[in-house]
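Here are the chains, one letter per residue:
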Amino acid sequence: MALVALRNVTKTYPAPEKGAPPVVAIDGVSLEIEPGDVYGIIGYSGAGKSTLVRLVNALEPATSGSIEVDGREITTMPERELRGIRLGIGMIFQQFNLFNSKTVWANIAYPLQVAGASKSEISARVAELLEFVGLAGKAKNYPDQLSGGQKQRVGIARALATSPRLLLADEATSALDPETTQEVLELLKRVNREFGVTIIVITHEMDVIQSIATKVAVMDGGRVIEHGDVFDVFSNPQNPSSQRFVGTVVKGTPSPAELAVLRERHEGRIVTISFRDGDASQAAVFVALATAGIEFELVYGGINDIQGRAFGHLTLAIRGADAAVDAVLAEISSRVDVTEVP
Ligand SMILES: Nc1ncnc2c1ncn2[C@@H]1O[C@H](COP(=O)(O)OP(=O)(O)OP(=O)(O)O)[C@@H](O)[C@H]1O
């Protein structure tokens, strides 16, 4: 059973001014997030990502549709019961949202105090979490004395304090430099693996999805325009908006301007070969070219690894007798995707 299931969910805000139309922030979204998923939700600013998060943790009511968390419909649930649902959901934020007047220890202890845990329970849990996020030596420090990455580690520890099954990460690494981002993403992977916490990652950065997510939904204008396994969406994005996001991390086929430069610099026919995990190996393709006595040069592209599965687009400049090149390209095309640039 899905841990979070949205069915045809809409959220409309009143018109910002008289005479203007209402704002449709979420427009008929259906999604299923299974226990154990690290589910990425990506979209440009205004796509509706943060609104979706507020609906899932019941901070705002949906306008229509159904939202089930852990098998329970939350759209019709009384406030009293919603509090219980929220206790089962941890949140981390871009700006960390720590209490600056409380120590690291007290920040992490806070949700446990609110939940009514005993002093000894709180001490044991906070110590365990400080160890887990690698901040055992910082218990008495205040947030101002920490780096951005350390603050987010405290944010993660605090979010996990009440042992939620679901963690919502809203642009949790957007304020961090690339190296610290990777450290925080590694920590989130451990949260998923070691505690079995399902994570929803909201981001506008495709490399965050590439590093951590197992599934992804691409949002645009309040709708989910594409969703699926990260490997499938990265290796074969269907929608122009998804293609733009994938293009930020995957070197695909050269643009017309890049092609013009390639043609200036390299002789021969320009051919892009697209590999997908499970296709014939690159080696087989290169051996076929070499065996046919065809000279080739790799001029553009690269191979990507998504959770241990490889795919990529390699553009070659190929030189040889036309008939021989035609024959070998025909042979290769039966195994991999071959596109010759006219
Ligand atoms: N409380 C609100 N009242 C009115 N309109 C809102 C409200 N919250 C969001 N919106 C509108 O809903 C749309 C979606 O906003 P949302 O913040 O969910 O997008 P987002 O994808 O999270 O973008 P960002 O990354 O910039 O936060 C936007 O057009 C926004 O202006």
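Everything numeric in this text was worked out from a predicted model, so none of it was measured. (Residues numbered from 1 in each chain as written. Predicted model: local features only at pLDDT ≥ 70, side-chain atom pairs only at ≥ 80, totals over all residues.)

Undergrad: In this structure, what is going on with the UniProt feature "domain: ABC transporter" (unreviewed entry) in the protein chain? I would like to understand it.
TA: In the numbering used here, UniProt assigns the feature "domain: ABC transporter" (unreviewed entry) to residues 4-246. Along residues 4-246 the backbone is 38% helical and 26% strand, and the end-to-end C-alpha distance reaches 26 Å. (UniProt positions renumbered as here; feature names shortened; annotations may be inferred. Helix = DSSP H or I, 4+ residues; strand = E, 2+ residues; numbered from the N terminus.)

Undergrad: Before we go on, may I ask you to explain the sheet that holds strand S7 (residues 166-170) in this structure?
TA: Pairing between sheet strands relies on hydrogen bonds along the backbone, with the strands arranged either parallel or antiparallel. Taken in spatial order, the 6 strands line up as S6-S7-S8-S3-S9-S10 in an open sheet, and their pairing is mixed. In this open sheet, the two strands that pair with only one neighbour each are strand S6 (89-93) and strand S10 (223-229). Here the strands of the sheet are splayed against their neighbours by 15° on average, with no regard to which way each runs. Both S7 and strand S8 (residues 198-203) contribute to a ladder of 5 bridges, which runs parallel. In the sheet register, Leu-167 faces S8, and the bridge partner there is Ile-199. (Pairing = 2+ DSSP bridges. Axes fitted to C-alpha atoms, helices over the stretch in contact; angles between N-to-C directions.)

Undergrad: Looking at this structure, how should I read the sheet that holds strand S11 (residues 269-276)?
TA: Across the sheet, 4 strands lie side by side as S12-S13-S11-S14; this open sheet has antiparallel pairing. Bordering the open sheet on either side are strand S12 (295-306) and strand S14 (337-340), each of which pairs with just one other strand. Going from strand to strand, the sheet's axes swing by 15° on average, the running direction of each strand aside. As judged from the 8 bridges shared by S11 and strand S13 (residues 309-319), these two strands associate in the antiparallel manner. Bridge pairing in S13 links Val-271 to Leu-316. Those strands touched by helix H12 (residues 322-333) are S11, S13 and S14, and its axis lies near 145° from that of S14. (Contact = placed C-beta atoms within 7 Å.)

Undergrad: Would you mind showing me how to read the domain arrangement of the protein chain here?
TA: The accessible area lost on association of the parts is a frequent measure of interface size. What the domain assignment lists for the protein chain is domain 1 (4-88 + 164-247) and domain 2 (256-340). Computed from C-alpha coordinates alone, the two centres of domain 1 and domain 2 are separated by 37 Å. Contacts between the two partners involve 6 residues from domain 1, matched on the other side by 6 residues from domain 2. The dominant element in the side of domain 1 that touches domain 2, judged by the number of residues it contributes, is helix H8 (residues 230-235), at 4 residues. Across the side of domain 1 that touches domain 2, the residue classes tally to 3 nonpolar, 3 polar and no charged. (Domains from an automatic or database assignment. Nonpolar A, V, L, I, M, F, W, Y, C, P; charged D, E, K, R; others polar.)

Undergrad: I tried to follow the site of the ligand on my own but got confused; where do I start?
TA: Close to the ligand lie Tyr-13, Val-23, Ala-25, Gly-43, Ser-45, Gly-46, Ala-47, Gly-48, Lys-49, Ser-50, Thr-51 and His-204, which account for all nearby residues. Those elements that place two or more of their residues in the shell around the ligand are strand S2 (23-33) and helix H1 (49-56). Grouping the constituent residues of the shell around the ligand by class yields 4 nonpolar, 7 polar and 1 charged. (Near = placed C-beta within 6 Å.)

Undergrad: Would you explain the pairing of S8 in this entry?
TA: Along any regular strand the residues' side chains alternate between the sheet's two faces. Summarising burial for S8: 6 of the 6 residues are buried, a large majority. Residues Thr-198, Ile-200 and Ile-202 line one face of S8 and the alternating positions Ile-199, Val-201 and Thr-203 line the opposite face, and both faces are buried. Pairing of strand S3 (residues 38-43) with S8, which is carried by 5 bridges, proceeds in the parallel orientation. The partner of Ile-41 across the bridge, within S8, is Ile-202. (Buried ≥ 20, exposed ≤ 12 C-beta atoms within 10 Å, placed from the backbone.)

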